[in-house]
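# Coordinate inspection notes
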Amino acid sequence: MEVTCLLLLALIPVHCRGQGVYAPAQAQIVHAGQACVVKEDNISERVYTIREGDTLVLQCLVTGHPRPQVRWTKTAGSASDKFQETSVFNETLRIERIARTQGGRYYCKAENGVGVPAIKSIRVDVQYLDEPVLTVHQTVSDVRGNFYQEKTVFLRCTVNSNPPARFIWKRGSDTLSHSQDNGVDIYEPLYTQGETKVLKLKNLRPQDYASYTCQVSVRNVCGIPDKAITFRLTNTTAPPALKLSVNETLVVNPGENVTVQCLLTGGDPLPQLQWSHGPGPLPLGALAQGGILSIPSVQALDSGYYNCTATNNVGNPAKKTVNLLVRSMKNATFQITPDVIKESENIQLGQDLKLSCHVDAVPQEKVTYQWFKNGKPARMSKRLLVTRNDPELPAVTSSLELIDLHFSDYGTYLCVASFPGAPVPDLSVEVNISSETVPPTISVPKGRAIVTVREGSPAELQCEVRGKPRPPVLWSRVDKEAALLPSGLPVEETPDGKLRLERVSRDMSGTYRCQTARYNGFNVRPREAQVQLNVQFPPEVEPSSQDVRQALGRPVLLRCSLLRGSPQRIASAVWRFKGQLLPPPPAAAPVAGEASDHSELRLDAVTRDSSGSYECSVSNDVGSAVCLFQVSAKAYSPEFYFDTPNPTRSHKLSKNYSYVLQWTQREPDAVDPVLNYRLSVRQLNQHSAMVKAIPVRRVEKGQLLEYMLTDLRVPHSYEVRLTPYTTYGAGDMASRIIHYTEPINSPSLSDNTCHFEDEKICGYTQDLTDNFDWTRQNALTQNPKRSPNTGPPTDVSGTPEGYYMFIETSRPRELGDRARLVSPLYNASAKFYCVSFFYHMYGKHIGSLNLLVRSRNKGALDTHAWSLSGNKGNVWQQAHVPINPSGPFQIIFEGVRGSGYLGDIAIDDVTLKKGECPRKQIDPNKVVVMPGSGVPHQPRPQLWGPVAIFLLALQR
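Residues numbered from 1 in each chain as written. Predicted model: local features only at pLDDT ≥ 70, side-chain atom pairs only at ≥ 80, totals over all residues. Heavy atoms only, no water.

As annotated in an unreviewed UniProt entry, the chain carries the name MAM domain-containing glycosylphosphatidylinositol anchor protein 1 and comes from Myotis myotis.

## Here we look at the packing of aromatic side chains
What counts, and what does not: By convention, a stacked pair of Phe, Tyr or Trp rings (six-membered ring in the case of Trp) has centres within 6.5 Å and planes under 30 degrees apart, an edge-to-face pair has planes over 60 apart, and any other such pair is tilted. Secondary structure elements are taken from DSSP: a helix is a run of H or I of four residues or more, a strand is a run of E of two residues or more, and numbering for both begins at the N terminus. A simple rule labels every residue: compare its accessible area, found with a 1.4 Å probe on the protein chains alone, to the largest value its type can have, and call it buried under 20%, exposed over 50%, or partly exposed in between. Any Lys NZ or Arg CZ found within 6 Å of a ring centre and within 35 degrees of that ring's normal is scored as a charge over the ring.
Counted by the stated rule, this structure contains 14 aromatic pairs. For the ring pair Phe-837 and Trp-866, a centre distance of 5.2 Å and an interplane angle of 85 degrees mean the geometry is edge-to-face. Highlighted residues: Phe-837 in strand 66 (residues 833-841) and Trp-866 in strand 68 (residues 861-869), separated in sequence by 29 residues. The class of Phe-837 is buried, set by a relative accessible area of 0%. Over the ring of Phe-642 we find Arg-67; its NZ or CZ atom is 4.5 Å from the centre of that ring.

## Some details on the sheet that holds strand 65 (residues 818-822)
Stated formally: Two strands qualify as a pair provided that DSSP identifies no fewer than 2 bridges between them.
Strand order in the open sheet formed by five strands is 62-65-70-67-68, with antiparallel pairing between adjacent strands. Two strands bound the open sheet, and with one partner strand each, they are strand 62 (765-766) and strand 68. Sheet analysis places strand 62 next to strand 65, joined by two bridges and oriented antiparallel. Considered in strand 65, the bridge of Gln-766 is made with Leu-821.

## Focus on the sheet that holds strand 27 (residues 328-338)
Reading across the sheet, the five strands line up as 31-32-28-27-43 and stay open at both edges, with mixed pairing between neighbours. Of all the strands in the sheet, the pair left with one neighbour each is strand 31 (384-388) and strand 43 (521-522). In terms of strand pairing, strand 27 meets strand 28 (residues 353-362) through nine bridges, oriented antiparallel. Each residue of the ladder has a partner; that of Ile-336, found in strand 28, is Leu-355.

## Some points on the nonpolar core
Filter applied, for reference: In these notes, a set of buried Ala, Val, Leu, Ile, Met, Phe, Trp, Tyr and Cys residues joined through side-chain atoms within 4.5 Å is what counts as a nonpolar core. Contacts are assigned to residue pairs with any non-hydrogen atoms lying within 4.5 Å of each other.
Counting residues in each nonpolar core, the largest one holds 33 residues, and the members touching the most others are Phe-837 and Phe-893. Elements supplying a minimum of two residues to this core: strand 64 (804-807), strand 65, strand 66, strand 67 (848-855), strand 68, strand 69 (875-883), strand 70 (889-896) and strand 71 (905-914). It is strand 66 that contributes the most residues to this core, five residues altogether. Not counting residues within four places of it along the chain, the set of residues in contact with Phe-893 comprises Tyr-764, Trp-774, Ala-819, Arg-820, Leu-821, Phe-837, Asn-850, Leu-851, Ile-907 and Val-910. Within the second largest apolar cluster, 29 residues are counted, among which are Leu-400, Leu-405, Ala-422 and Val-429.

## Re the pattern of salt bridges
Test applied: In what follows, salt bridge is the name for a side-chain nitrogen of Lys or Arg lying within 4 Å of a carboxyl oxygen of Asp or Glu.
Per the counting criterion, the structure on display carries 40 salt bridges. Residue Arg-721 pairs with Glu-719 through a salt bridge whose shortest N-O separation is 3.4 Å. With its nearest N and O atoms 3.6 Å apart, the salt bridge here joins Asp-767 to Arg-854. Separated by 87 residues along the polypeptide, Asp-767 in the loop between strand 62 and strand 63 (775-777) and Arg-854 in strand 67 bring together distant segments of the chain. Neither Asp-767 nor Arg-854 differs from the other in exposure class; each is buried. Among the ionic contacts, a cluster of salt bridges with common partners joins Asp-767, Arg-818, Arg-820, Arg-854, Asp-862 and Glu-894.

So, in structure tokens, the structure goes:
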């Protein structure tokens, strides 16, 4: 059951902070996550360094009113596919396991419709170090006799890294350099990919036969360790050598089992063998084991080049290639070519005629052709010639030429293609030559020149071909913008002249070309025709949805416009209100010769009864589309102001805080004036809400309104809902979550106690030069297996939700290990300051807790201001430490591990204020003994304080 209460006195009345707070977006990029930032400062707008594989977290901190929307984009270097295709709309950009290709410049664009967008960028530098590769080479002039005996040898070490790697060469365990050994030379070659260092061994000596190590280092940047590779040079070191068990060109029949062996004939160290196929991977079922490649039941698709490569990092890799050809034939075609010299396109007696036959075969040159006339082999004569490889035709094409065509030459000619002695079926094609053999013509059937169909339906485009023989029809698009057919091909062949399209879409509209092919028919100029395809589709309208606001009693004009459609006209428009049909509105006088492209509805006055949903259904005889209008006089939602400086006010004597809530009213003049706001405040994970009605005077656009929420519990977050009310009634509600944040500003006389309740821990940071870190936790997040008899069970307030900072002294911590927590940098504006804090030092192995002051006026100088050692009991105690910094300063809490694991030290509620400290170092009223020790701890504070008066309780 949810309870809603009306709260009166716990909220401070609203007042104005001026007008015109609308401001353009401003942005700043900060980074977090597992970064190894080279620069000392915590925030950098320029270069952000991170190790490959770590998590990149970039946050775009924005100001401006209304709250800006943030969009991340990237340039310079390739990103992941997902990041390239879609921008990231979020204030925080997070990339898990970042790769080197994701380095580059990232842009944060913040815009809120006021002024120009704010654009900030940061360059992300991804650090990495690959495994080095070591290869051994010898100059070409030295390759005679024994390969590596009394010769000059080059050891080349290459690595990819960022930043550039440093190379160290070693012989055995001894580091090599120019100055120590005249027999070696170390240099960096030009025009190499990656970073390379070469170790040159001049005229090998006996001591040069040894183990060589190339060690690469990026100087431990981002914690990347050094890497190394070792090679042993001997007098038998040699590059790989290969030979094949078959010829370099291997022709086989389909269905045969193919085995190719790649044999090593040299190489030390023993080379590694690898098979590859081009193009594409090895066929399915192929087995490459060592140097043997087996392909069972080979098929035509398995043809290609197969490469055997041997590598041992000595010299160049050895490579042998087998061109595997699997016999096959397909696509038998013919051509009829009239007398070319006389530029004839018809078959005429007394003129020459050429018949051509071609098949696509592997291997192409092994195909044989045989011609038959009327079932008998064609005999060669002076007037009948058979030629091969006609330069005007595709390669390996057989042509039968008839010189001075006679009537007796009419008949049926058959061309048969075959592989002699191979189990590959023959392919044949038949050509009939007679007085009826005529070239083709093409045309569009009557009434089919324009085809109109609805989107989503099938369509058929048709061209008729006459002639003998009738060739195939080739279809293509005339539109330059859409060069490809719906199938994705530029040209599509149809044997019957019909192009069939399934589920046409509007982008298929346009002109299509049909033309005769120059094969399987006459080899003459193609004949062509055109067909127009019109795809009709339902209308598209604007607005698809619109929120219309107007004050009570004022008129409203609703307009639904046709954006596009086929046909591009409105056949009918129907208006409805809350689903009920309305009388047709009076039509506007149409422009002569033009169809209407919109429909309008006028409301004389907005009232409570006329407020609601209006619908305009527009049709163009193909389909319909709907414009939706939501008409009302209710107020727009408030716009929360997120740029309030220091909205949180903490209370030193209790774990309570107050929050300054600010907002503006969106478009207040669009409707009746706002009379009051209904404010609802609910603690997250709770059901009860505190409710208050807040009266206001006339609200202007851009006017900043403010309310103070008090007695909020540290560190809880709250949901705030704010609803404007006018004479019409409730307007649109806005909600936001407010979080407790602790101050990180320079010290002042108030509001500077750090309870560590926020993850930002008041701007404190972990020192990078210590041994381990302080940990933030509370009673709910502490490890249930933690060491007993040490450390606090709760924070100073005794509440399980309260956070504190502590050092964990269990393994792997050792005696004397130090953890340092460093405050933000403060500008000294007073002579004396007092640092007050609670500490908890309980356990028989407690080490020391030190407070240091780091002065920043001339470099960084740390001085001890306070120190305490040993077990002080299971109790929170308060210390007041006076300091007098001479310039900008930081305070440092240093925890030192004692002799054992029962030595956890904790701190809480750190306060820095101007002036001298109290005379008593320990305030008895501030001592908090943990439960079970006999002294009660501080009571929990009330949620809203004793001033809250509840007048109404509503049960839901």
